[in-house]
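Structural features, examined
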Amino acid sequence: MRGMPAAPASWSSREPGTSERTWLRGTPWASLGHLDVEALAARYSRVVVVAAHPDDETLAVGAFLAMLADAGLPVDVALVTDGEGSHSAATGLTFEVVREVRRREFDDALGVLLGGALGRVERLALPDGRVADHRAELAAALERVVRVTAAEASTVSDQSPSRAVGRDDAATDGTSTVTPSMTPVRGSGTERVLVVAPAEADAHIDHDTCGAVARDVAAQLGAACVSYPLWWWHWGDPSSVAETVWERSVLAVPDVASLQRKRAAIAAYSSQIGTFARPAAEPAMLDAGVLAHFERLVETLFDPGGALPRVASSDDGRTPAASFDAMFEGSDDPWGVETRWYERRRRALIEAMLPDEHLGRVLDLGCSTGVLTQVLAERADGVVAVDGSAQALARARLRDVDGVDWRHAELPSVLDELADEGQRFDTVALSEIGYFLDGATLLATLAGIDALLRDDGVVVVANWLHPTRDIPLDGRLVDEQVRLVWPTLARYEDDDVAIVVARPSNGDAPTAATAPVSRDTRAVLRIPSTSANPVYTGDFRPHSSTDGERGIGAVSGESARDDVEGEAS
């Protein structure tokens, strides 16, 4: 795609590469288009994914594939090589052994991502690292795959013309879900097929060849084609990316379930992320620095031809303020922030973990009724407290705390407003608000925070760790994303809450020497729940529920000791 930065003359996956913080600061997250999955499912009848190697499909677009499956779109996969060249001669493994391992991992990962939406799997078995020498063979094979897929795209099960193919609808052995009894619906032909292939400028000869051939085959047959970057995140630099590239990019913004399935699928590739059969001196192919790009909460697709429908706006990338306002119809304290032991304990932990007694200028994002704001103000030169709920702020202002600028505004746009005012901050609090944003909006928020921090400034992020419902993310995913982009100064975790204090100026995170953050708890102070440290259980509910509970903060169960006063934290 035009405008892509030129690849370096040579690069290695063993090098540290471009950090996630660099991509966070250099990518215009707030302006990128978001994929409309429902419209995509109406536009296309079937998808063909081209993977140069086992794991390419999972790393680059695994959550996107899970979203397609949930939308009812069958997915066929063309695996071009078996990735048999991924292990050096020092391991003593033959190509045949590696091929068998990676094929098995590939099958397991696709089963997790697609389940019953998995159609045909075409294994082309071209030589790993030498796909360019077999360009004509690759073109013929992909043309055959697209033509067969187009024929199958004109049929669905005769059980119901609108039936969606779900994860549990069919066997996951890689065979087609099409049967002879299927009848034509919604048109037919290759124009109903979407091809998803590696980017042509990924600076890996196999990826580049697969991308170019897939584009040519799709154009010849009249199919749509989009591409995904993979190694580009490692060697690329956002400062050299042309604006036209971002204009033609579309973000897949997955829900919690799709992101969790992607993480499980990545874990299936133990030969690539672990030390499988490798000498002690030979690190894993995909270390933490590389994996950070693929544990990101969004996935990027290059779409120069406009094949992907986009949502009209990204306004629904956060939980609506009206949902928060509605909570106050029956209570001045719907969260129980004044009375619940969990809330009091979380505030005490945040206060204790901040590294300096004097906090300087403070930005409190998602301040709600201002209880934490009041605590922070006692140690600050001044506070800007932001919330999207007018009802919450009305109650916060009643506190009459000196030195607080209460603002009714939304994330992430308020961060640009503060930057335009020339404001800078020494401390930023993002307490239990990140999971009310979708992945793209959260990234834009983190980027805005990064830009507002003074040198040596700190960010404290707290997240409730129990399951959420009817909101974009959960606490675990937000906690992981924060640690992917910023180096951790301090971290606390128990069964209820995770709190991270980050100092972005300390450098980039994670480093190649550390494990992926979603699987590393070695540096965590973890305290199990006891009767004196009760588990806080329940669901966030951003609308009225059938059992009479209302509001995002309503819970289906609370600790039996929640109201006990005087407990030690």
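The rules behind each value
Residues numbered from 1 in each chain as written. Predicted model: local features only at pLDDT ≥ 70, side-chain atom pairs only at ≥ 80, totals over all residues. Heavy atoms only, no water. Buried < 20%, exposed > 50% of the residue type's maximum accessible area, 1.4 Å probe, protein only. Helix = DSSP H or I, 4+ residues; strand = E, 2+ residues; numbered from the N terminus. Pairing = 2+ DSSP bridges. Right-handed = clockwise from strand over helix to strand, strands pointing away. Phe/Tyr/Trp six-rings, centres within 6.5 Å; stacked < 30°, edge-to-face > 60°. Expected span 1.5 Å × (residues − 1). Salt bridge = Lys/Arg side-chain N within 4 Å of Asp/Glu carboxyl O. Polar contact = N/O pair within 3.5 Å; in protein donor to acceptor, adjacent residues only side chain to side chain. Core = buried A, V, L, I, M, F, W, Y, C linked by side-chain atoms within 4.5 Å. Contact = heavy atoms within 4.5 Å. Axes fitted to C-alpha atoms, helices over the stretch in contact; angles between N-to-C directions. Parallel < 35°, antiparallel > 145°, perpendicular 65-115°, else oblique. Left-handed = near helix turned anticlockwise from the far one by under 90°. Nonpolar A, V, L, I, M, F, W, Y, C, P; charged D, E, K, R; others polar.

1. As for the pairing of strand E12 (residues 380-387)
Burial analysis of E12 places seven of its eight residues in the buried class, the great majority of the element. By the bridge criterion, six bridges tie strand E11 (residues 360-365) to E12 in an arrangement that is parallel. Bridged to Arg-361 within E12 is Gly-382. Sheet topology places E12 next to strand E13 (residues 404-408); five bridges connect them, and they run parallel. Across the sheet, residue Val-384 finds its bridge partner in E13, namely Asp-405. Crossover handedness for the path E12 to helix H15 (residues 390-397) to E13: right-handed.

2. Structural notes on the packing of aromatic side chains
Counted according to the given criterion, the structure contains eight aromatic pairs. When the ring of Trp-11 is compared with that of Trp-231, the centres are 5.2 Å apart and the planes differ by 45 degrees; the resulting orientation is tilted. Taken together, the residues Trp-11 in the segment before helix H1 (20-26) and Trp-231 in the loop between strand E8 (224-228) and helix H7 (232-235) connect sequence positions 220 residues apart. Note on Trp-23 and Trp-233: the rings are 4.8 Å apart at their centroids and 80 degrees apart in plane angle, and the pair reads as edge-to-face. With Trp-23 in helix H1 and Trp-233 in helix H7, this pair connects stretches of sequence that are 210 residues apart. When sorted by exposure, Trp-23 lands in the same class as Trp-233, which is buried. An aromatic cluster of at least three residues, connected via ring pairs, comprises Trp-23, Trp-232, Trp-233, Trp-246 and Phe-302.

3. Considerations on the environment of Ala-462
Relative to the helices and strands, Ala-462 resides in strand E15 (residues 453-464). A sequence separation of 35 residues divides Ala-462 from Val-497, and the C-alpha atoms of the two residues are 6.9 Å apart.

4. Concerning helix H5 (residues 135-153)
Spanning 19 residues, H5 covers 26 Å between terminal C-alpha atoms, matching the ideal 27 Å at 1.5 Å per step. The set of residues buried in H5 consists of Leu-138, Ala-141, Leu-142, Val-145, Val-146, Thr-149, Ala-150, Glu-152 and Ala-153.

5. Digging into the pattern of salt bridges
According to the stated counting rule, one finds 34 salt bridges in the structure shown. Of the charged contacts in the structure, one is a salt bridge between Arg-120 and Glu-152, with a shortest N-O distance of 3.4 Å. In this pair, Arg-120 is assigned in strand E4 (residues 118-126) and Glu-152 in helix H5, connecting sequence segments 32 residues apart. Taking relative accessible area as the criterion, Arg-120 reaches 11% and is therefore assigned buried.

6. Overview of the environment of Ser-249
With respect to the helices and strands, the residue Ser-249 is situated in strand E9 (residues 249-252). By relative accessible area, which is 0% here, Ser-249 ends up buried. Residues Ser-249 and Gly-33 lie 216 residues apart in sequence; the distance between their C-alpha atoms is 7.0 Å. Of the polar contacts made by the side chain of Ser-249, one reaches the backbone oxygen of Val-245; its length is 2.6 Å.

7. Thoughts on the nonpolar core
Counting 139 residues, the largest nonpolar core has Leu-194, Leu-363 and Ile-449 as its most contacted members. Here this core gets nine residues from one element, more than from any other, and that element is helix H3 (residues 56-70). Leave out the neighbours within four places in its chain, and Ile-449 touches Leu-365, Leu-415, Val-428, Leu-430, Val-459 and Trp-486.

8. Some points on the packing of H5 against helix H6 (residues 205-221)
In the contact formed by H5 and H6, the axes pass within 9 Å of each other and the chain directions differ by 50 degrees. As summarised for this structure, H5 and H6 are arranged oblique, according to the angle between their axes. Judged by the twist between their axes, the crossing of H5 over H6 is right-handed. The residues of H6 that touch H5, namely those facing Arg-135, Leu-138, Ala-139, Leu-142, Glu-143, Val-146 and Arg-147, are Thr-209, Cys-210, Ala-212, Val-213, Ala-214, Asp-216, Val-217, Gln-220 and Leu-221. Per-class residue counts for the contact of H5 with H6 are 10 nonpolar, two polar and four charged.

9. Examining helix H13 (residues 341-353)
Between the first and last C-alpha of H13 there are 18 Å, a value that for 13 residues agrees with the 18 Å anticipated at 1.5 Å per step. Residues Trp-341, Tyr-342, Glu-343, Arg-345, Arg-346, Arg-347, Leu-349, Ile-350 and Met-353 constitute the buried set of H13. Tucked into the core, H13 has its buried residues touching helix H14 (371-377), strand E14 (425-431), E15, strand E16 (488-494) and strand E17 (497-502).

10. As for the packing of helix H4 (residues 95-114) against helix H9 (residues 256-267)
Geometry of a packed helix pair, given as the angle between the helix axes and the separation of the axes. Axis separation between H4 and H9 bottoms out at 8 Å; the angle between their running directions is 175 degrees. When the interaxial angle is binned, H4 and H9 end up roughly antiparallel. Taking contact as the criterion, the partners of Ala-109, Val-112 and Leu-113 in H4 are, on H9, Arg-261, Lys-262, Ala-264 and Ala-265.

11. What about the pairing of E9?
A two-sided burial pattern is seen for E9, the buried positions comprising Ser-249 and Leu-251 on one face and Val-250 and Ala-252 on the other. Pairing geometry for strand E1 (residues 33-34) and E9, over two bridges, is parallel. Its bridge partner lying in E9, Gly-33 is registered against Val-250. Where E9 meets strand E10 (residues 299-302), four bridges bridge the pair, whose relative direction is antiparallel. Bridge assignment links Ser-249 to a residue of E10, and that residue is Phe-302.

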